Amino acid sequence: KQWYQRRVAITAGDGGLEDISVSLPAVISADLRLNEPRYATLPNIMKAKKKKIAKMDPASLGVDITPRLKILNVVDPPVRQAGDKVPDVSTLMEKLKEKGHL
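Residues numbered from 1 in each chain as written. Predicted model: local features only at pLDDT ≥ 70, side-chain atom pairs only at ≥ 80, totals over all residues. Heavy atoms only, no water.

Q: Can you walk me through the confidence of the model for the chain in this structure?
A: Summarising the model, the chain shows a mean pLDDT of 84, and 87% of its residues fall at 70 or more. Mean pLDDT across the secondary structure elements of the chain bottoms out at strand β1 (residues 6–13), with 69, and peaks at helix α1 (residues 42–50), with 94. (pLDDT = per-residue confidence, 0-100. Helix = DSSP H or I, 4+ residues; strand = E, 2+ residues; numbered from the N terminus.)

Given below as structure tokens:
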């Protein structure tokens, strides 16, 4: 078959890794371990600290950084009112009825 009619995948099973070749179309599922983060080791962190970072300006990269948005107005959100503590559920229900929420 043509390359675009088949796909190859490596799956982790009970017996180890397994190569699978399937014809398209196919249904593929993912495992919870798919997105396990990789943690940096201490030696690699130390190597990264010693690496030099090249400074570049946007003009040398051909990037235009002129602002395209204009801020018209900035307003703080309204201040929230303090809440009330109620001793039990019946009092809560009464207060909600008074305010028209129920």
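Q: Please clarify how a nonpolar patch on the surface should be interpreted in this entry.
A: On the surface, Met56, Leu61, Val63 and Ile65 cluster together to form a nonpolar patch covering roughly 440 Å² of accessible area. Secondary-structure assignment places Leu61 in helix α2 (residues 58–61). Taking relative accessible area as the criterion, Leu61 reaches 54% and is therefore assigned exposed. (Patch = residues over 30% accessible without salt bridge, like charges linked within 9 Å, V, L, I, M, F, W, Y side chains within 5 Å. Areas by Shrake-Rupley, 256 points an atom, 1.4 Å probe, with all protein chains shown as cover. Salt bridge = Lys/Arg side-chain N within 4 Å of Asp/Glu carboxyl O. Buried < 20%, exposed > 50% of the residue type's maximum accessible area, 1.4 Å probe, protein only.)

Q: What should I look at first to understand the environment of Pro58 in this one?
A: Examined against the element boundaries, Pro58 turns out to sit in helix α2. In this view, Pro58 contacts Val63 and Ile65; residues no more than four positions away in its chain are not counted. (Contact = heavy atoms within 4.5 Å.)

Q: What am I meant to see in the pattern of salt bridges here?
A: When their charged atoms lie close together, side chains carrying opposite charge are able to pair. Within this structure, the stated rule accounts for two salt bridges. The salt bridge involving Asp84 is made with Lys95; its shortest N-O contact spans 3.9 Å. Here the residue Asp84 occupies a position in the loop between α2 and α3 (89–98), and Lys95 occupies one in helix α3, the gap between them amounting to eleven residues.

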